[in-house]
Amino acid sequence: MNSSSINWTALGVFIFFFALVTVMGFWASRWQSGGKANKGAHLDEWGLGGRNFGTWITWFLVGGDFYTAYTVIAVPALVYAVGAYGFFALPYTILVYPIVFLIMPKLWHAAQKAGHVTAADVVFGRYKSRKLELAIALTGVVATMPYIALQLIGMEVVIKALGVTGELPLLAAFVILALYTYSAGLRAPALIAFVKDLMIYIVVLVAVVLVPMKLGGYGVVFASAHDAFAAKGGMTGLTLKPAQFLPFATLALGSAMAAFMYPHTLTGIFAAKSADTIRKNAVFLPAYTVLLGLIALLGYMAYAAGVKVEANNDIVPALFNAMFPSWFSGFAFAAIAIGALVPAAVMSIGAANLFTRNFWKPYVNPNVSAEGEAKVAKIVSLVVKFGALVFILFLPTKFALDLQLLGGVWILQTFPALVFGLFIGWFGANALLSGWAVGIIGGSWLAYADGIKPVHTFHIGADSYTMYTGLIALAINIVVAVVVQLVFGKGGTKAPALKH
């Protein structure tokens, strides 16, 4: 570490706010306790905050683990690299909320009625199939691991921008995250999400007003980006090329369908106090889409500011260092780093809940007590975070990013088993398990064949069609499930559609 290169003012501000949320994280075990003396002794209390989160807490929690530090880093990085194509994240986050409004209250009812903690619990409760339950749980854990790793990568980027090198600062942040998650469970990220979202909003609103003013206005910003993309050529630009329409649309739709299949987003849903809380959030959460659109514009501003970086992920920290005083850069970097802590904590809790309820209890210790479940989940949450840390310390970052692209393909294959039974009772467990297996294998093979890319191109005659690989795999998944149900349906276990 070269002390002469450290931005001490920015680092001091960064440490202050990081210390603030650390104290909040440990204090959170006393928050929203409902008078219960032993809050961490039951999985409902540790892993779902006692299922007692109202509209505002749920709004901040779901927004906190849906809009992550990596979103703040990756979306403008993608826009900086390719232009308009990177804005697929905006329609994706618009499409997701009608899905939340229609589906998630029904899923909450199913979980609340039977005391389910995870998506795999809901699937087993409906289909009574341990194989299908294990498939859903395994998919959730595997798809979440690279997501946690990417939160830590987001923290690495801002720590590097402070001039701090080496792995020690990241290790320290990891230990803090691990300890207060172990202590307070879901209450810690839920409480910290209030501070994180407020800080992110301040940073983004200041950036989208002051940066263009310093650069000569948005006309200059867009003109500079246009000239840069024209020089790059290819499929970059301020507007989509005709060949990008279909992949853009399918990426948005598939990402929207996958978003609330992840364990961390479902954990926020299951922790809500009521189905009405979820519906209200589906109405209010699009405010985050406005924020995301503003964040994406930072990618264009970097061209007007003349910022040069070795890696696209460094573009936002480099822009802030170039355009803002050190104290505000420190505040902004703290907001991004804290934004990594919230989703990383919820992700590890979601994965720990899955392991405990859908592997440990049915296969290792069927008679485990509620207190035993909570103890196992706490330990597993540490193991999951440690695995993510090892992942980014010892594997190339590019490898982690490549696996994250597969995460969406994988988690989307749980959609039929988790959602279809909420509305229809026709599918049986064997059909859904068959569809899941073919979808996972087919989607993984397509992604691998395409060099770990999120889209696949079909060539039909002289025409070519490029689509999101996850949607292609999901279509295959559903077709296989329908065929298996038609052929072998009489031997399958069907579930009645839920009515609420």
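Worth saying up front: this structure is predicted, and the values here are computed from it rather than measured.

Draft legend 1. Spatial organisation of the pairing of strand 1 (residues 455–460). Sheet topology note: the strand 1/strand 2 (residues 463–468) ladder contains six bridges and is antiparallel. Its bridge partner being in strand 2, valine 455 is matched across the sheet by tyrosine 468. What sits between strand 1 and strand 2 in their antiparallel hairpin is a turn of two residues, with glycine 461 showing a positive phi close to 65 degrees.

Draft legend 2. Summary view of the side chain of threonine 469. Turning to its location among the elements, threonine 469 is positioned in helix 22 (residues 469–488). Threonine 469 gets classed as buried once you look at its relative accessible area, which sits at 0%. If we ignore the near neighbours within four places in the chain, the residues touching threonine 469 are Val409, Gly443, Leu446, Ala447, Lys453, Pro454, Val455 and His456.

Draft legend 3. A look at the environment of aspartate 121. Along the chain, aspartate 121 turns up in helix 6 (residues 119–127). Residues aspartate 121 and asparagine 358, spaced 237 residues apart in sequence, show a C-alpha to C-alpha distance of 6.9 Å. Every residue in contact with aspartate 121, bar those within four places of it in the chain, is listed here: His116, Glu133, Arg357 and Asn358. A polar side-chain atom of aspartate 121 sits 2.7 Å from a polar atom in the side chain of asparagine 358.

Draft legend 4. Highlighting the side chain of glutamate 373. Structurally, the position occupied by glutamate 373 is in helix 18 (residues 370–394). According to the relative accessible area criterion, glutamate 373 is buried, its value standing at 6%. Within the local environment of glutamate 373, its side chain forms a polar contact with the side chain of lysine 361, the two groups lying 3.4 Å apart.

Draft legend 5. Quick peek at a nonpolar patch on the surface. A surface patch of nonpolar side chains, amounting to about 800 Å² of accessible area, comprises Phe423, Ile424, Trp426, Val479, Val483, Leu486, Val487 and Phe488. The leading source of residues in the nonpolar patch is helix 22, at five residues. Looking at the element boundaries, leucine 486 is found in helix 22. For leucine 486, a relative accessible area of 61% corresponds to the exposed category.

Each value, and the rule that gives it
- Residues numbered from 1 in each chain as written.
- Predicted model: local features only at pLDDT ≥ 70, side-chain atom pairs only at ≥ 80, totals over all residues.
- Heavy atoms only, no water.
- Pairing = 2+ DSSP bridges.
- Helix = DSSP H or I, 4+ residues; strand = E, 2+ residues; numbered from the N terminus.
- Buried < 20%, exposed > 50% of the residue type's maximum accessible area, 1.4 Å probe, protein only.
- Contact = heavy atoms within 4.5 Å.
- Polar contact = N/O pair within 3.5 Å; in protein donor to acceptor, adjacent residues only side chain to side chain.
- Patch = residues over 30% accessible without salt bridge, like charges linked within 9 Å, V, L, I, M, F, W, Y side chains within 5 Å.
- Areas by Shrake-Rupley, 256 points an atom, 1.4 Å probe, with all protein chains shown as cover.
- Salt bridge = Lys/Arg side-chain N within 4 Å of Asp/Glu carboxyl O.

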